[in-house]
Number of protein chains: 4
Amino acid sequence: MCGVFGAYSQDGSPVLEDIYLGLCALQHRGQLSAGAAWTDGGSVHIKKGLGLVHEALCQSELAAIPAHTAIGHVRYATAGGTRPENCQPLGANYAQGPVAIAHNGNLTNARALSSYLANRGAIFQTTCDSETIIQLMAHQPGTVQLEALESALARVQGAYSLAVLLEDCLIAARDPWGFRPLVVGRRGETYFVASESCALDIIGAELIRDVEPGEILVIDRRGMISRKMRRKARRHFKCAFEYVYFARPDSVIDGRSVYRARKELGATLARHGGLTKDAVVAGMPDSGTLAALGLAEEAGMDFEAGVVRNRYVGRTFIQPTQRVREAGVKIKLNPQTGIFKGKEAVVVDDSLVRGTTAGRIVSMIRESGAAKVHMRIASPPVRYPCYYGIDTPSSEELIAAQTTIAELCEKIDADSLEYIGCDELCRAIGLPRGELCTACFDGDYMEEEEEDNLLEV
Amino acid sequence: MCGVFGAYSQDGSPVLEDIYLGLCALQHRGQLSAGAAWTDGGSVHIKKGLGLVHEALCQSELAAIPAHTAIGHVRYATAGGTRPENCQPLGANYAQGPVAIAHNGNLTNARALSSYLANRGAIFQTTCDSETIIQLMAHQPGTVQLEALESALARVQGAYSLAVLLEDCLIAARDPWGFRPLVVGRRGETYFVASESCALDIIGAELIRDVEPGEILVIDRRGMISRKMRRKARRHFKCAFEYVYFARPDSVIDGRSVYRARKELGATLARHGGLTKDAVVAGMPDSGTLAALGLAEEAGMDFEAGVVRNRYVGRTFIQPTQRVREAGVKIKLNPQTGIFKGKEAVVVDDSLVRGTTAGRIVSMIRESGAAKVHMRIASPPVRYPCYYGIDTPSSEELIAAQTTIAELCEKIDADSLEYIGCDELCRAIGLPRGELCTACFDGDYMEEEEEDNLLEV
Amino acid sequence: MCGVFGAYSQDGSPVLEDIYLGLCALQHRGQLSAGAAWTDGGSVHIKKGLGLVHEALCQSELAAIPAHTAIGHVRYATAGGTRPENCQPLGANYAQGPVAIAHNGNLTNARALSSYLANRGAIFQTTCDSETIIQLMAHQPGTVQLEALESALARVQGAYSLAVLLEDCLIAARDPWGFRPLVVGRRGETYFVASESCALDIIGAELIRDVEPGEILVIDRRGMISRKMRRKARRHFKCAFEYVYFARPDSVIDGRSVYRARKELGATLARHGGLTKDAVVAGMPDSGTLAALGLAEEAGMDFEAGVVRNRYVGRTFIQPTQRVREAGVKIKLNPQTGIFKGKEAVVVDDSLVRGTTAGRIVSMIRESGAAKVHMRIASPPVRYPCYYGIDTPSSEELIAAQTTIAELCEKIDADSLEYIGCDELCRAIGLPRGELCTACFDGDYMEEEEEDNLLEV
Amino acid sequence: MCGVFGAYSQDGSPVLEDIYLGLCALQHRGQLSAGAAWTDGGSVHIKKGLGLVHEALCQSELAAIPAHTAIGHVRYATAGGTRPENCQPLGANYAQGPVAIAHNGNLTNARALSSYLANRGAIFQTTCDSETIIQLMAHQPGTVQLEALESALARVQGAYSLAVLLEDCLIAARDPWGFRPLVVGRRGETYFVASESCALDIIGAELIRDVEPGEILVIDRRGMISRKMRRKARRHFKCAFEYVYFARPDSVIDGRSVYRARKELGATLARHGGLTKDAVVAGMPDSGTLAALGLAEEAGMDFEAGVVRNRYVGRTFIQPTQRVREAGVKIKLNPQTGIFKGKEAVVVDDSLVRGTTAGRIVSMIRESGAAKVHMRIASPPVRYPCYYGIDTPSSEELIAAQTTIAELCEKIDADSLEYIGCDELCRAIGLPRGELCTACFDGDYMEEEEEDNLLEV
């Protein structure tokens, strides 16, 4: 999970403050690090650091830089660790010129490519899979940069939505399977690429369209040119979890509104029935709110903002010491006094990964006087790891992979527990099942090509 | 607007991590500075700094301090400026021992008391009105501290909810008029005082009761003793704005749930009528959400989370540069695509101070396709400044003091605009009008005593 | 040990950069903290911090402040600890106006005065003896500041060379005994006061004269006026150790050149005889260099820069870990290879406090091949503590107070060891013994007045 | 100008605190940045930063690292700028393992090698010439590291004294011409390499010998093995300026004591005659002190520490503002009062580059009452730039390249000015002229090989 953003201004106006604002709008996609890259006098310049956008970057410093094209990146915590050199964008100045890259996704053949390159003298500066793309470009002596990029992308496998910066050129590229979202927008003479449309809204740009899976968009002085990647996909694998959890509700991804998808997921749960009309419906803040609203509306039940999320509480603010653990879940969530007293409560969340929080909220609402507590999950059980850029726990930690729904209901001490099915999920999103990646729910992974074919390209 | 918190552990267990957590729960009451004070070996020690609680204080450092009684404070931006020495708690070690003070409110006779003290040799270290209380204590040579505090409070006028720390003693005091809230709670052997009950929830303490107006609670090894202040009030002046905006919805203040009060304010607006059933109701995030919910429920209309608030956008994250102003309101708020298309929209906010944001949101929702946009305000028009601790703009800036409601409706370009009345406000809160301070709405201020009487005490 | 500096510009030109430069020249008098104070709009402003001048203060920030009068201070490590609030200058804004004070010396009746003041309501902000002067001023309600200062100084006892800043007035005051140096100088329309004349040189000012013991110099728009203090001294007690060690060699104190005094102290040692002509003379860098030069010149022997002091080694640079202790004295001092081989060495130091370094240097020079090593000390044995501002160890740690010279010679393993006598010291300095304080050598302390007389003044 | 240091402990004891201490002793060779590198688990780790050793590195952090072999570096300000990535050591983990390098000197064919490497896919991370050595190593796929290093060194040209770190191996290498010094020492089971012997003294290690020009010393578990480089030099070019100015006086370089060399340079000046016996001799602190001492001793004249250097004044402490420039030379240097009055003064400095300081000191001493002021320079006039690692100004700024000695004497307003000749310089050092590089004095540069030969190796 990461967010990428890029801008190219044809009338030469500076874009780095837009990059800053766009990254702020994508902050929910990555809070571990942030960075921006631009070129100046044939060299790539990069500012990046750990933390939120405003901690890693300085808005006024960026605003003072006259670059008319630039890219930016926000990064989520992943297993790879928090070494500052792994922050993105990555950049290099090599024989053919400057290049910088911002990558959302995960390359599944990075290890094989790295050893191939190391045997040809490559010195890797990071442990990021994204660096292999730059090294593949540099190891094509005499090849112009755009061609070197296309040839490099023909050799990588997995998920990548990229914003790439060359000397006077911005490139957006989305892998042939379309795992991660990527859109292109425009405000006057300036083009933007972004992981989500909400980043276009913040800067007053208009959404033109999604970058297509397998498409390379080249934006420069002359305009926007679309090219097809050499590798083709048998079918698309657009991530369903973006609609369930990751994306911001005001974004529109591959033509589908995330807000509507979430409310429809809640409505789907309502149609499962089994709930009394005078129950109180509450969402887990903030991830379950929209599904709870959809459920309440469809079922004609009362929706309440029944649980307060302490805004200034969380990893940034409070360390998980012994005392904090004793104080328990109330650190983060606090039920409204009197809302649930003597009533049946329906608590809706977007998904259920480890089950710890669900168990705590059920007991908390029960303590606040609820007669019954029903748990509803607005997605199928997560049973398989994701290899395409999402930081899921291993199967051992995925509660749904280890236990039946009935056992889980007992474990979290709910009076009932329901999920939705994979087909229901796809219907709620509004895309054919054959275009969505639901591997984390059903284990239906993309088939990968033989490594040797790729190295020989 | 500030938040105070205090703890006294009778079994000697350390309390400073609780102070940290309590301040986190009160963070919404003040984000300008934070601090904590404790005593050690007869001296008062203070840690404080600018910024949010986790920026000004270090949780693990505090957790390592063995003090069994302590106080804390969060401070809102006020006209007095941001000089670090004005951060609270304030403390001093004087002839009778150590004292520290955390103050929510505003003393209206601070200036007169300061010059009285300066003529007796007092050297002021801050420009805080709260320091006069400490100086009044020190200028009673030979008087034991508790008596000196009582005598000092008999001479100050205005709003004060205080947590005061003496050598081995915690004191909670609330002015005779009861302007600002103050509660006392307990967890096992440890007593807590806090501006709001939500700060008791976070540490797993139980709310015992509100500190009464004119009450001084002395908490020490022997337990909790209640004393009456020498000054008496003719009637109470509990701040109505706490229910409208300041307090957290999961707090209970003077026996009334803030959550219920806000929903009831929305329901009151619904009862005004004049809205079509198939309109879409949305709240200004986050301040108008509960009133919007109450309105929709009472009127049987659809509630939608129709406007997204960019969480990572705001004063901390983005500077208001020219580019940001051009990008406009979308920086902070973004309407959900398609929600309002072809419908009448009802937008609810808690109050309307300058009118700028309201105008922007109306135009934004209109642009997103709404047929009509109705604005509803869940409180009366704010027409008068507050002298008791709330940082209201001057009358010239208060839009409601300068214009009629009809003109204002036109100015923000809404199809209709409604407020509620003062009596409705009090009814929704559930307290008699004669106990609430509604001065900012109706100019009905408390009468102050003659200054000379106070200096002679 | 501290350094004070002050400036008053009659033509209104800004002086704070001069304060910065002057403090740099006085840096040898105190490296624990530095600070500067000035007035603006009737308020005193202070910048101060721990560390060297350039760490605690920012030259360009100071240079941008338009104040035409200001004072500064550098502070040495003393027993009082390193609490930031104890850094000087100290300042206050009280009923009569702003005041700031920079103090070199030590008040011997500070404790009695503090409790006298505390019983009159004073709240002390520091544990600095210097604060009593400000509190004494504030506790004279209605008295103009200059008169309040004079009256305050009539009640303090001990050593004080002060630079005091009032609203539009700079005051230099030196205690009636003259313990610590204080000079006044001038450059064009600007007057300066400084602990040593070297601070006048650095800013191109000319030394006018020493401030006399018991003199208060008032410098303002009208010029410089000299006043006599109310308290009188029976005789002067000018610190002899300033000439031996503290002062910079290019300073002139009470009319005597420090450089000449140090060379003369070395020459005095030469006249003691007992050394062979072809011995090699070396000084302990840097404190013994000048005396070594004087000895070599008087005796007609070869002076060598025989020991290198590692400039970038010392408390700031290297922590005294186990490994560092093992590496031993060479961390700080390294003898020149081959200089001492087969020769008699004469090592000269200014004084000998604990004896540890002397022992190490003797063994180091012996290891580098010297036939004999003679130690010479250019002052009498230090046997008594100083109560007037110098941070001497307690008698138990003063090696000369615990042992005979013969035993000490054996302990440091030298072939001979010689000191000079008190009379020789005074002769070398060139001032009558009856004007110098030699208490740390001979225990001849100033007699103090009864405390009661002072409190009643 | 830089300093390098390395350690290998055969008994596995940690060495990074020794690296810290060694770098402190070499601090005079570079104050722009400092760094240390070690290996752990097959990876190279580097800590480095701008500033002095204690600013860039943390002694206690280093002391806690268990590495038994490591290298360190201090860097002087050079034209290449202060980009943090250019700080040394440089390191990389490539296919054959980890490598780190600390380099003193300057490669004269770095540009040609860089473009050769870039055409083979190399991505350069720095603008340091030293990186070419690492890239040359990585671009020999399948070659073991030591062999790759030897082959890389066969292709570089210019000055290099290197400490190189491989997985479990420390390598010291000095170019075939011997431009920069490099020594090897030992303490128990631990070997050290250092730019100067003073860095061995500080850690209590014994100097074994100089690394020979063209020698590669490989130190590992089995001990120390000497290898010869493939490239041979026609003759040595040991830098004469190390003896004149750069090296610390307590170091011994290529068997010659720097201290003795400097005194002998002064004695040489004395033998030129032309000075009166009763003149006062003073050195420019600190660079001219030893030559002044040698001159005074040889001539039988009085040596005085006639000029004080303000220790806490200089680039770090004081910014060169307008006010500072007005205050003039006294900021840094202050003559002793009365020393020169009515006498002839002989001022000795090690060299004279731009002439500004010399002019100021002459006028300062004249103002302090000297009858005549004679300037003596303990080296020949610097007339040519250095291409081998010393940061000399361009010829236009070299005063001696632009003017005759007589004109120069007049310009600095001295009564006489004398230099020494190149032959005298070599005699004073004690090495044959054919072994020393005196190019900056006489333009006699080393002949370089054809580039093509090197690239083909």
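Report on the accompanying structure. Nothing here was measured: the structure is a model prediction, and the numbers come from that model.

1. Section: the relation of the copies chain B and chain A
Part 1 of the reasoning: Rotating chain B by 180° about the axis while translating it 0.1 Å along that axis superimposes it on chain A, leaving an RMSD of 0.1 Å. Both copies of the chain, as the preceding transformation shows, are related through a two-fold rotation axis. Minimal C-alpha separation from the rotation axis in chain B is found for Phe303(B), amounting to 4.5 Å.
Part 2 of the reasoning: Looking at chain B, 100% of its interface residues are interface residues in chain A too, so the copies touch through the same face.

2. A few points about the sheet that holds strand β5 (residues 90–94) of chain A
Strand pairing in a sheet takes place through backbone hydrogen bonds and is either antiparallel or parallel in direction.
All names here are of chain A.
Part 1 of the reasoning: The strand order across the open sheet formed by 6 strands is β5-β6-β7-β8-β12-β13, and the pairing between neighbours is antiparallel. Single-partner strands in this sheet number two, and they are β5 and β13 (223–228). With strand direction ignored, the average angle separating the axes of adjacent strands in the sheet is 20°.
Part 2 of the reasoning: In this structure, strand β8 (residues 169–174) lies alongside strand β12 (residues 215–220), joined through 4 bridges in antiparallel fashion.

3. Considering the pairing of strand β12 (residues 215–220) of chain C
Residue and element names in this part refer to chain C.
Part 1 of the reasoning: Counting buried positions along β12 gives 6 out of 6 residues, so the element sits mostly inside the fold.
Part 2 of the reasoning: Taking every second residue as pointing to the same face, both faces of β12 are buried, with Glu215, Leu217 and Ile219 on one and Ile216, Val218 and Asp220 on the other.
Part 3 of the reasoning: Pairing analysis gives 6 bridges linking β12 to strand β13 (residues 223–228), with the strands arranged antiparallel. Paired with Glu215 across the two strands is Lys228, which belongs to β13.
Part 4 of the reasoning: In this structure, the hairpin formed by β12 and β13 is closed by a connection of 2 residues.

4. Here we look at the interface of chain C and chain D
Part 1 of the reasoning: The partner chain D presents 54 residues to the 54 residues of chain C that form the contact.
Part 2 of the reasoning: Of the roughly 4,500 Å² buried at the junction of chain C and chain D (both faces included), carbon and sulfur atoms supply 52%.
Part 3 of the reasoning: Where chain C touches chain D, the interface holds 2 salt bridges.
Part 4 of the reasoning: A salt bridge links Lys263(D) to Glu304(C); its shortest N-O distance comes to 2.6 Å.
Part 5 of the reasoning: Where chain C touches chain D, the interface holds 15 residue pairs in polar contact (both at pLDDT 80 or more).

5. Structural notes on the relation of the copies chain C and chain D
Part 1 of the reasoning: When chain C is fitted to chain D, the residual RMSD is 0.1 Å, and the transformation amounts to a turn of 180° plus an axial shift of 0.0 Å.
Part 2 of the reasoning: An overlap of 100% is found between the interface residues of chain C and their copies at the interface of chain D, pointing to a shared contact surface.

6. Section: helix α5 (residues 131–138) of chain B
Residues and elements named next belong to chain B.
Part 1 of the reasoning: Summarising burial for α5: 8 of the 8 residues are buried, a large majority.
Part 2 of the reasoning: If you check which residues of α5 are buried, you get Glu131, Thr132, Ile133, Ile134, Gln135, Leu136, Met137 and Ala138.
Part 3 of the reasoning: Residues of α5 that are buried in the fold lie against β5 (90–94), β6 (97–107), α4 (110–118), α6 (145–153) and β7 (158–166).

7. What about the packing of helix α4 (residues 110–118) of chain D against helix α5 (residues 131–138) of chain D?
Residue and element names in this part refer to chain D.
Part 1 of the reasoning: Viewed as axis vectors pointing N to C, α4 and α5 meet at an angle of 35°, and their least axial separation amounts to 10 Å. The handedness of the crossing between α4 and α5 is left-handed. Residue-level contacts link Ala110, Leu113, Ser114 and Leu117 of α4 to Thr132, Gln135 and Leu136 of α5.
Part 2 of the reasoning: Its residues assigned to classes, the contact of α4 with α5 comprises 4 nonpolar, 3 polar and no charged.

8. So, the environment of Lys411(A)
All names here are of chain A.
Part 1 of the reasoning: Inspection of the secondary structure assignment puts Lys411 in helix α14 (residues 405–411).
Part 2 of the reasoning: With relative accessibility at 57%, the residue Lys411 sits in the exposed group.
Part 3 of the reasoning: As for Lys411 and Ala358, which are separated by 53 residues in sequence, their C-alpha atoms are 9.8 Å apart.
Part 4 of the reasoning: For Lys411, the contacting residues outside a window of four places in its chain are Arg354 and Ile399.

9. Brief notes about helix α10 (residues 289–299) of chain B
Given 3.6 residues per turn, any residue in an α-helix points the same way as the ones three and four places further on.
Part 1 of the reasoning: Counting buried positions along α10(B) gives 8 out of 11 residues, so the element sits mostly inside the fold.
Part 2 of the reasoning: If you check which residues of α10(B) are buried, you get Leu290(B), Ala291(B), Ala292(B), Leu293(B), Gly294(B), Leu295(B), Ala296(B) and Ala299(B).
Part 3 of the reasoning: In this structure, the buried residues of α10(B) make contact with β18 (302–303) of chain A together with α9 (258–271), β17 (280–283), β18 (302–303), β21 (344–349) and β22 (372–377) of chain B.
Part 4 of the reasoning: Looking one or two residues beyond α10(B), the residue adopting positive phi is Gly300(B), at roughly 70°.

10. Some details on unusual backbone geometry
Part 1 of the reasoning: Gln88(C) connects to Pro89(C) through a cis peptide bond whose omega is -5°.
Part 2 of the reasoning: Note that Pro89(C) resides in the loop between β4 (69–75) and β5 (90–94).
Part 3 of the reasoning: The backbone of Asp413(A) shows a phi angle near 65°, a positive value even though the residue is not glycine.
Part 4 of the reasoning: Given the relative accessible area of 45%, Asp413(A) is considered partly exposed.

11. Overview of the side chain of Thr39(C)
All names here are of chain C.
Part 1 of the reasoning: Inspection of the secondary structure puts Thr39 in strand β2 (residues 33–40).
Part 2 of the reasoning: Judged by its relative accessible area of 12%, Thr39 falls in the buried class.
Part 3 of the reasoning: A distance of 3.1 Å separates a polar side-chain atom of Thr39 from the backbone oxygen of Glu167.
Part 4 of the reasoning: Those residues in contact with Thr39 that lie beyond four places of it in its chain are Val44, His45, Ala67, Thr69, Pro98, Leu165, Leu166 and Glu167.

12. Things to note about the arrangement of the chains
Part 1 of the reasoning: The smallest C-alpha distance separating chain A from chain C is 21 Å, and no contact links them.
Part 2 of the reasoning: A gap remains between chain B and chain D, which never touch, and the nearest two C-alpha atoms on either side lie 21 Å apart.

13. Side note on the sheet that holds strand β23 (residues 416–418) of chain B
Residues and elements named next belong to chain B.
Part 1 of the reasoning: In spatial order, the strands read β18-β17-β21-β22-β23; together these 5 strands make up an open sheet with parallel pairing. For this open sheet the edge positions go to β18 and β23, each flanked by a neighbour on one side alone.
Part 2 of the reasoning: Docked against the sheet, α10 engages β17, β18, β21 and β22, running at close to 155° with respect to β17.

14. Comments concerning the packing of aromatic side chains
Part 1 of the reasoning: Under the definition given, this model contains 35 aromatic pairs over all chains.
Part 2 of the reasoning: For Arg120(D), the ring lying beneath its charged end belongs to Tyr116(D), and the centroid distance is 4.1 Å.

15. Overview of the packing of α5(B) against α6(B)
Residue and element names in this part refer to chain B.
Part 1 of the reasoning: The contact between α5 and α6 brings their axes to 8 Å, and the two run at 125°. Here α5 is positioned oblique relative to α6, judged by the angle of their axes. Two packed elements cross with a definite hand, and for α5 against α6 that hand is right-handed. Counted together, Ile133, Leu136 and Met137 of α5 and Gln145, Ala148, Leu149, Ala152 and Leu153 of α6 form the full contact between these two elements.
Part 2 of the reasoning: For the contact of α5 with α6, the class distribution of residues is 7 nonpolar, 1 polar and no charged.

16. Considerations on the pattern of salt bridges
If the charged atoms of two oppositely charged side chains come close together, the side chains can form a pair.
Part 1 of the reasoning: The tally for this structure, following the rule as stated, stands at 92 salt bridges over all chains.
Part 2 of the reasoning: Residues Arg235(B) and Asp444(B) are paired through a salt bridge, measuring 3.7 Å at the closest nitrogen-oxygen approach. A residue pair is termed long-range when its members are at least 10 positions apart, and Arg235(B) in the loop between β13 (223–228) and β14 (238–239) and Asp444(B) in the loop between α16 (439–442) and α17 (451–456) qualify at 209 residues.
Part 3 of the reasoning: Between Glu215(D) and Arg209(D) there is a salt bridge, and its shortest N-O distance comes to 2.6 Å.
Part 4 of the reasoning: Sharing partners across several salt bridges, the network here consists of Arg29(A), Arg180(A), Glu196(A) and Glu242(A).

17. Structural notes on the interface of chain B and chain A
Part 1 of the reasoning: If you look at the interface, chain B gives 54 residues, while chain A gives 54 residues.
Part 2 of the reasoning: Joining chain B to chain A, the criterion identifies 2 salt bridges.
Part 3 of the reasoning: At the boundary of chain B with chain A, the tally comes to 16 residue pairs in polar contact (both at pLDDT 80 or more).
Part 4 of the reasoning: For the side of chain B that touches chain A, the secondary-structure elements that each account for two or more residues are α1 (16–25), α3 (59–63), α7 (198–202), α9, α10, β18, α11 (322–327) and β20 (333–335) of chain B.
Part 5 of the reasoning: Residue contributions to the side of chain B that touches chain A peak at 5 residues, all from α1(B).
Part 6 of the reasoning: Grouping the amino acids of the side of chain B that touches chain A by side-chain chemistry returns 24 nonpolar, 15 polar and 15 charged.

18. Considering the pairing of strand β17 (residues 280–283) of chain A
Residues and elements named next belong to chain A.
Part 1 of the reasoning: Of the two faces of β17, the one holding Val280 and Ala282 and the one holding Val281 and Gly283 are both buried throughout.
Part 2 of the reasoning: Relative to β18, β17 runs parallel, the two sharing 2 bridges. Bridge pairing in β18 places Val280 opposite Asp302.
Part 3 of the reasoning: The handedness of the β17 to β18 crossover, carried by helix α10 (residues 289–299), is right-handed.
Part 4 of the reasoning: In this sheet, strand β21 (residues 344–349) lies alongside β17 in parallel orientation, the contact comprising 4 bridges.

Definitions and cut-offs
Residues numbered from 1 in each chain as written. Chains lettered and ligands numbered in written order. Predicted model: local features only at pLDDT ≥ 70, side-chain atom pairs only at ≥ 80, totals over all residues. Heavy atoms only, no water. Least-squares fit on C-alpha atoms with pLDDT ≥ 70 in both. Contact = heavy atoms within 4.5 Å. Pairing = 2+ DSSP bridges. Helix = DSSP H or I, 4+ residues; strand = E, 2+ residues; numbered from the N terminus. Axes fitted to C-alpha atoms, helices over the stretch in contact; angles between N-to-C directions. Buried < 20%, exposed > 50% of the residue type's maximum accessible area, 1.4 Å probe, protein only. Buried area = accessible area lost by both parts, 1.4 Å probe. Salt bridge = Lys/Arg side-chain N within 4 Å of Asp/Glu carboxyl O. Polar contact = N/O pair within 3.5 Å; in protein donor to acceptor, adjacent residues only side chain to side chain. Left-handed = near helix turned anticlockwise from the far one by under 90°. Nonpolar A, V, L, I, M, F, W, Y, C, P; charged D, E, K, R; others polar. Phe/Tyr/Trp six-rings, centres within 6.5 Å; stacked < 30°, edge-to-face > 60°. Lys NZ or Arg CZ within 6 Å of the ring centre and 35° of its normal. Parallel < 35°, antiparallel > 145°, perpendicular 65-115°, else oblique. Right-handed = clockwise from strand over helix to strand, strands pointing away.

The values are spatial; any link to function lies outside them.
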